[in-house]
Amino acid sequence: MTRRGVFEHSSKQTRIEAKKARDEARRVRTRALPSAMAKRRTRGRAKKEQVEAAKEVEEKADEKEERVEGPRSQDEELAMLAGRIRNESGKDALVKALGKLAEMLEVAPQAKMSVRSAYLPCALALTEPGVFRHKDREVKLLLATCLAHVMRLYAGVPDHPYNDSRLADVFGRFLWTFRLLGDAGGSSYARALHVLEIISRIKCCVLLLDFENQELTLDVMTVLFSAVNAENHGNVAPLALDVLCDIVRACEGDVHQDMLDVILWALIEGRKIEQHTFELALGVLRRCELELMGPVQAFLCATIETGPIQNSELHDQYHDIILLLYENCPSMMGNVLPALEVELTVDDEGKRASAVNVLGKVFGLSEGDAVSEFPALFESFLDRFHDKRTSIRQSMVDCAKSIALSSEDGREKIVAALEERLLDPEDKVRSSTVSALCDIACVVPNELSKHTILQAATRLRDKRVPVRKEAMNKLASVFSKLSTMEEGVFEKIVWIPAKILPLVYDEHIGLHTVEHLLQKRLVSPKLEPEVVVEIWSKAYAHCEATAAHALHEILHSKAALQKLFKVYIKKRDKLKTASKECNTSVEAEMKDAMHAMAQFFPEREIALEHLVGIHALKDGHIMRGLETLAENDTIPEAAKRAEVDVLKRVGSQSPLYDFVRTLCARLSCAPFRKEHVGVLLDTIGDILENSAAPLADPYASLLLCLSKALPALLSDSLPRLERILHASERCHDMMVESTLKIIVSAGNYFQSDPSDRSKLQVILSRICRTGTRQQAKYAVRALGALFGVDVKDISATLGVAMHNALKASNASMGRKKAALVAFANLCQRCPDGMESYVPAVLDTVADILRRKENSAETISLKIEATKFLARVCLPTDTKDLQLVPPKEISWKLADALATLTSLVEVDVNGEPREESAMVRLAAAKALLRIVRWRNAKVHVEAYRLIAYVALDPVADVRHGFATKLYKGIRLYGLNSKFAAIFAMFAVDVEPEFVNYAKACLKYYIRSKRQTAQRAALAGKKLTVSSHPEFILPFLLHVLAHHPDFPNVEAQNVGQKDDNIADAIAPFQTIISFAIGALLLTPTDGLEPGSSLPAVLAVLRRLKAVEDPHSQKASCAVWTLADIALQMAKELALKRHWDITRKFPGSVPVPNIFKPREEKRDPLASPAARRPSVEGSFLPDQLLPISPGWKGFFSTTPSKRTRPTPAAENTPPENRGAAVHHITPPDGLAMRTRPSRAASAAARDNILKDAQQQGSEKSNDSNASMRSSPEQLLDPKVSRQSKRMKSKLAGKENEHDLPRRSRRRI
């Protein structure tokens, strides 16, 4: 035995002994196991031992044979192996023989002829059917290995041992082996990889192309593509790439379509399923680009131009192929992409959509620049933004962002196309367009103009809620990302908060959504206070009134909720220590606090349930955490920790979790804290001290907003405010006024030393004596806010100074106006200290009103004097103070109104002076203000004069009076007599005034009826005075006393006037306006015409009363009542309403009438006798009534009617409220003001009866409307009115004021 044999024998003996020792140890361990398990293991070991014993016997036999025969040569060994392979049928022997042959073949050299001849028997033996068709995996793997080595030995020589049929079987065996490459962890993987390595090295796969049947080639390529995965790609992919590229290159450019399909299939499916397959296919395309470019382009162009190719299965995926190839091999697609232009205009919507999708991705690739390479194609692509199919336009918008970001050449055109899509008819397209524009702005802000972002912001008012929400969120993201960039970029987006804040009033978005956006996303809370202040001050400077009010509402709502929660916590703690007797009251107060807190959430009932659930929690840490959040001094880090702790203790599985998270967000500190206020104050002070006052305005505006909404933040700011006030006195009047407003807002929250207040008192007193009108006003209020009841001593000194300023002849008009304002405010805040000065000041004011001079300065002073009469007896915001009896003020104002109305100044051209008209407007407003606050009885003459202001010849007066009247009715609940004045606008020459009046009257009618319905449901007894129909008595009274109303009584006694129909026509128009509004205004739960019984009852009742002062007016009231009755009945007949229904309630009349007395003189002629109540008071010329009155609700308007679209349900907030406006006929003698004699008589009656008037007992339901008033009139007229007021309040030396031509009705 050789040394090697001895070594192998001893090693084997050692292994056997070790195995026996292991088996013995295993038997010892398994003794405790169940017998069945032990038996199974025993049987398994026995079988293994038998196999090992057989192997050992076979090895011994081989060793014995070798000892007997001696060593053999290589040729003999190969011959013996060939015989064994050919004759052996047993697996083990065959495996041993094949393994031995594989070892010998692996080291066999390729170049020698003798070696090939020696291995020929073995090569032929490998293809024997018994061996080749063996089913054992190990045999197949060894056979494939041997065949691969045989192919290596005979590579490139003519005397190959295998013919074509055998060669096909050999490659079939290789194909089977390649399938084993997918399992990198399997036992066959190493041998399969070895076979692939040999095949790759010898490049024998090119022989596949010589076969007639190409299926085997395609199968090999398919298997190689699918074999690569994440586990084996490092070893298999390079070898497979070599094999595949060899096959493709061997085609020499003549790549069959089936082979191309296999490569492209791997490219497409690999991208979807297996990335490494995709990379392998991509590697083939890149390495064989020259060989594949022609076939690929031919296939794609043919598919685009002629449709699907019969012998290709990829005809429906050619768009994906184009995209992938352009993304990775762009040179291949140079001739393919232009061919897609045809598909952009085909009728097939599916093809257009696919072409748009693939081209959008191609143009949006960051690696290439297809826009500049294919300009004509890009222009055709842009036309699809106007495609008729919504999904295609949506696809265009979706891909626009990537194109704009990747291509500088196409960015401008893409942005322009997106701006057009902001007005797309589909809301999804508009929403996606806003999102795309905002995303582009975030990435390349310097490339987008401010106009583009402004266009995107217009979608904040989109009619669809999702579009508004998307625009809000995207614009907030833009502002958050770009607000800290350079100045030029920030200027483009600084206005975004001003556009977002008004969404507070959007019922579908609301305060809660905007508040969350404001607190978390608009400006990052992690920024430094200086940066936050800089951002917000500039942003707030762009806020208009609506946006500023919305920000105030957000901050005030948060502060109010925090305050209520603190009250609740206080009551909760008190409940723990309170006695049993006090428990009931404390619990009631705590429930009230929870009810109040629930009002700050959208779903109030659900919020209340959750608040009760939170109250029931026993964990005190939750309440302490929420209380921490409610403190304004809490820093963001502490607030975040408290919020996390609270949510963790509640638990995400709790039904209260979502509400508690919302509550934490609502209670957490506002976007502004004390450090922000400190930065604002220091910045303003530094700017003022550096004499750059205008730069401080944005900061002051923001600080003023914070002082109104969150005054507690200024508790320790009094010394800084004193510094600002002292510095701004020298250079900036507006800053003085702003600072005073801040002190007024936060006066009750200041915590400072008395010395600081004393210093500030000196400055405020000086401003009262020397400041402007507004400065004096707010300086007095600031003194009241700082000193409260202690202001009495200060007011006495200031009162003397104000009175002296009024009497001084050398004092300027501005100083006198400031003195009037300051004196009125002092009277409001300290009536006891000013009581001795009031009579003298009232006399001075009367002298001012009696002045004949009508310069601009004097008119402005008269307006201020008129306002003073109202202010001097009005209360402050918190106390109902009364210094001068409102009755006295009323008749003084009425006297001023009558006088000023009769003294309308005309200029040289005969036109009314608009400046003096503003005094009449101021007087009317002042009287309305007194009525609003005092509920005082207005003398009937004064009431009529107020009503006639609606007919003033100056449009600015009518405009200002209408808006003031609507505000008083909506916000302060003025009664029916004032709502009736809106009907007077029916004859206005301005259509927008008529529309506005109709909208306001409808609003009043609806609100009044809703109030009556609620009262009826509550079981209250109602009269007609509880209904809007109660405006008719007041309206008819005003019309009957108008100087231009014809003498109807004379007509009844035989004095006929042929022009009476034309004279009454305007009054008919006004009545039809009111009747139409009452009968045609829809109300929830009531149909049009349901108020007909009430209207008829009121009108019939008016025929049974008379005017206590004028028989002529009585006849006029009866005539107007008959006109209104005939109008109502005719409308009822047209609409088929039942006119026989009776009004169930009582029908009282105002005390401006008295019951009618029937005094019949038996000696009087029949013509002189007055008709009975049941009779008609219409003159003969009005029987039948002229059709001119039909303008309000006639379906066929007359020549005098200017029809506009009907809008019966339009609220007053919409300026487009539609009416039919009736223009009075030419030559109408109706004047817009009483004559001088009538005005003088009215003044005498007022002065005579002023002392006899009592308080009016109004039966109206004066429910105050809480909604904010809106500007409803035409913006042009509104701007004109504001311009006139601003010029009247301008510089004292300005005399040249614009004049407006007089408009007569």
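Residues numbered from 1 in each chain as written. Predicted model: local features only at pLDDT ≥ 70, side-chain atom pairs only at ≥ 80, totals over all residues. Heavy atoms only, no water.

1. Side note on the overall build of the chain
As a reminder of what qualifies: The secondary structure listing takes helices from DSSP runs of H or I that are at least 4 residues long and strands from runs of E that are at least 2 residues long, numbered from the N terminus. Each residue gets one of three labels from its accessible area relative to the maximum for its type: buried under 20%, exposed over 50%, partly exposed in between, using a 1.4 Å probe on protein chains only. Residue contacts are counted whenever heavy atoms from the two residues lie within 4.5 Å of one another.
Counting its regular elements, the chain contains 57 helices and four strands. Split into buried and exposed, the 1305 residues of the chain put 53% on the buried side. If you take every contact in the chain between residues at least 6 apart in sequence, the share linking residues at least 24 apart comes to 74%.

2. Topic: the environment of Leu 423
Position of Leu 423 relative to the elements: it lies in the loop between helix H20 (408-421) and helix H21 (427-443). Residues Leu 423 and Thr 458, 35 residues apart in the sequence, show an inter-C-alpha distance of 9.6 Å.

3. Points about helix H12 (residues 257-272)
What counts is decided by this rule: Working rule for helices: expected span equals 1.5 Å times residues minus one.
Compared with the 22 Å implied by 1.5 Å per residue over 16 residues, the 22 Å span of H12 between its first and last C-alpha is a close match. Along H12, twelve of the 16 residues are buried, which leaves the element largely enclosed by surrounding structure. Within H12 the residues assigned to the buried category are Gln 257, Met 259, Leu 260, Asp 261, Val 262, Ile 263, Leu 264, Ala 266, Leu 267, Ile 268, Glu 269 and Gly 270. Contacts made by the buried residues of H12 are with helix H10 (215-227), helix H11 (233-250), helix H13 (275-287), helix H14 (289-306) and helix H15 (318-328).

4. Thoughts on the environment of Arg 871
Mapping Arg 871 onto the fold places it in helix H44 (residues 856-871). Given the relative accessible area of 10%, Arg 871 is considered buried. Sequence separation between Arg 871 and Gln 828 is 43 residues, and the spatial gap between their C-alpha atoms is 7.7 Å. Ignoring anything within four residues of it in the chain, the contact list for Arg 871 reads Arg 773, Val 821, Ala 824, Gln 828, Glu 864 and Arg 929.

5. Quick look at the environment of Arg 352
To be explicit about the condition: Think of a polar contact as two N or O atoms within 3.5 Å of one another; within protein, one of them needs to be a possible hydrogen donor and the other a possible acceptor, and neighboring residues in sequence only count if both atoms come from side chains.
Mapped onto the secondary structure, Arg 352 falls in helix H16 (residues 349-363). Arg 352 sits in the buried class, given a relative accessible area of 5%. Through-space distance from the C-alpha of Arg 352 to that of Asp 387 is 9.4 Å; in sequence the pair is 35 residues apart. Polar side-chain contacts of Arg 352 include one of 2.9 Å to the side chain of Asp 387.

6. Notes on the pattern of salt bridges
For clarity, the threshold we go by: One side-chain nitrogen of Lys or Arg within 4 Å of one carboxyl oxygen of Asp or Glu is enough to make a salt bridge.
All told, the structure shown has 35 salt bridges when counted by the stated rule. A salt bridge links Lys 413 to Glu 379, with the nearest nitrogen and oxygen atoms 2.3 Å apart. On the criterion of sequence distance, the pair formed by Lys 413 in helix H20 and Glu 379 in helix H18 (residues 375-382) is long-range, its members being 34 residues apart. Between Arg 720 and Asp 682 there is a salt bridge, with the nearest N and O atoms lying 3.6 Å from each other. Of this pair, Arg 720 sits in helix H36 (residues 718-728) while Asp 682 sits in helix H34 (residues 674-689); the two residues are 38 residues apart in sequence, bridging distant segments of the chain. The exposure class of Asp 682 is partly exposed, given its relative accessible area of 29%.

7. Details of the packing of aromatic side chains
Just so we agree on the cut-off: Stacked, edge-to-face and tilted are the three classes for Phe, Tyr and Trp ring pairs, Trp counted by its six-membered ring, which pair at centre distances within 6.5 Å; planes under 30 degrees apart are stacked, over 60 edge-to-face, the rest tilted. The rule is short: NZ of Lys or CZ of Arg within 6 Å of the ring centre and within 35 degrees of the ring normal puts a charge over the ring.
Applying the stated criterion across every chain yields a total of 15 aromatic pairs. Note on Phe 479 and Phe 490: the rings are 6.1 Å apart at their centroids and 50 degrees apart in plane angle, and the pair reads as tilted. Here Phe 490 lies in helix H24 (residues 487-493) and Phe 479 lies in helix H23 (residues 465-482), a separation of eleven residues in the sequence. You'll find Phe 479 and Phe 490 in the same group, each marked buried. Centre to centre, the rings of Phe 823 and Phe 868 are 6.0 Å apart; their planes meet at 50 degrees, and the pair counts as tilted. Residue Phe 823 is found in helix H41 (residues 813-829), and its partner Phe 868 is found in helix H44; the two are separated by 45 residues along the sequence. Since its relative accessible area comes to 0%, Phe 823 is described here as buried. Members of the aromatic cluster, each reached through a chain of ring pairs, are Tyr 943, Phe 978, Phe 1030 and Phe 1034. The lysine or arginine in question, Arg 666, covers the ring of Phe 601, its NZ or CZ lying 5.7 Å from the ring centre. Seen from the ring of Tyr 943, Lys 977 lies directly overhead, with NZ or CZ sitting 5.5 Å from the centre.

8. What about a negative patch on the surface?
Selection criterion: The patches reported here contain residues having more than 30% relative accessible area and no salt bridge. Joining distances are 9 Å for like charges and 5 Å for nonpolar side chains (Val, Leu, Ile, Met, Phe, Trp, Tyr). Computed with the Shrake-Rupley method and a 1.4 Å probe, the accessible areas treat only the protein chains shown as cover for residues. In this charge count, Lys and Arg are treated as positive and Asp and Glu as negative; neither His nor the chain ends contribute. Charged groups are reduced to one reference atom each: NZ for lysine, CZ for arginine, CG for aspartic acid, CD for glutamic acid.
A contiguous patch of negative charge on the surface is contributed by Asp 369, Glu 373, Glu 408 and Asp 409. Position of Glu 373 among the secondary structure elements: in helix H17 (residues 370-373).

9. Focus: the packing of helix H19 (residues 390-406) against H20
Basically, it comes down to this: Between N-to-C directions, angles cover 0 to 180 degrees, with each direction set by a line fitted to C-alpha atoms, over the stretch in contact for helices. What makes a crossing left-handed is the near helix being turned counterclockwise from the far one by less than a right angle; a clockwise turn instead makes it right-handed. Residue polarity follows a fixed list, in which Ala, Val, Leu, Ile, Met, Phe, Trp, Tyr, Cys and Pro are nonpolar, Asp, Glu, Lys and Arg are charged, and the others, Gly among them, are polar.
At a minimum axis separation of 8 Å, H19 and H20 run at an interaxial angle of 145 degrees. Read as a crossing pair, H19 and H20 show a hand that is left-handed. Mapping the contact onto sequence places Arg 393, Val 397, Ala 400, Ile 403, Ala 404, Leu 405 and Ser 406 in H19 and Glu 408, Arg 411, Ile 414, Leu 418 and Arg 421 in H20. In the contact of H19 with H20, the residues fall into seven nonpolar, one polar and four charged.

10. With respect to unusual backbone geometry
Even without being a glycine, Lys 203 presents a positive backbone phi close to 55 degrees. With respect to the helices and strands, Lys 203 occurs in the loop between helix H9 (189-202) and H10. In this structure Lys 203 comes out as partly exposed when scored by relative accessible area, which is 45%. Phi at His 1136 takes a positive value of approximately 60 degrees, unusual for a residue other than glycine. Tracing the backbone through its elements, the reader meets His 1136 in the loop between helix H55 (1111-1135) and strand E2 (1154-1155). His 1136 sits in the exposed class, given a relative accessible area of 71%.

11. Remarks on the packing of helix H26 (residues 510-522) against helix H28 (residues 545-577)
Spelled out, the test is: Oblique is the label for any angle not under 35 degrees, not over 145, and not in the 65 to 115 range, which are roughly parallel, roughly antiparallel and roughly perpendicular in turn.
At their nearest, the axes of H26 and H28 sit 10 Å apart, and the two run at 90 degrees to each other. In this view, H26 runs roughly perpendicular relative to H28, as classed from their interaxial angle. Counting all contacts with H26, which are made through Leu 511, Val 514, Glu 515, Leu 518 and Gln 519, the residues of H28 involved are Leu 551, Glu 553, Ile 554, Ser 557 and Lys 558. Grouping the constituent residues of the contact of H26 with H28 by class yields five nonpolar, two polar and three charged.

12. Side note on the side chain of Asp 246
By the secondary structure assignment, Asp 246 is in helix H11. Residue classification places Asp 246 among the buried positions, given a relative accessible area of 12%. Residues contacting Asp 246, with those up to four places away along its chain left out, are Ser 200, Lys 203 and Val 206.

13. Considerations on the state of the cysteines
Covalent bonding between the sulfur atoms of two cysteines defines a disulfide. As a reminder, the rule being used: Pairs of cysteine sulfur atoms within 2.5 Å are what we label disulfides.
Inspection of the entire model under this criterion finds zero disulfides. Cys 245 carries a free sulfur, and the closest cysteine sulfur to it, the one in Cys 288, is 3.8 Å from it. Overall, the relative accessible area of 1% leaves Cys 245 in the buried class. Cysteine Cys 543 remains unbridged, with the sulfur of Cys 705 as its closest cysteine sulfur at 8.3 Å.

14. Description of the confidence of the model for the chain
Rules: Confidence of the predictor at the level of single residues is captured by pLDDT, which takes values from 0 to 100.
Taken residue by residue, the chain gives an average pLDDT of 77. The fraction at 70 or more is 76%. Confidence, read as mean pLDDT per element, is least for strand E4 (residues 1221-1222) in the chain (28) and greatest for H21 (94). Counting interchain partners and residues more than four positions distant, the pLDDT-below-50 stretch residues 1-12 has five contacts. Between residues 1163-1169, whose pLDDT stays under 50, and residues either more than four places distant or in other chains, the model counts eight contacts.

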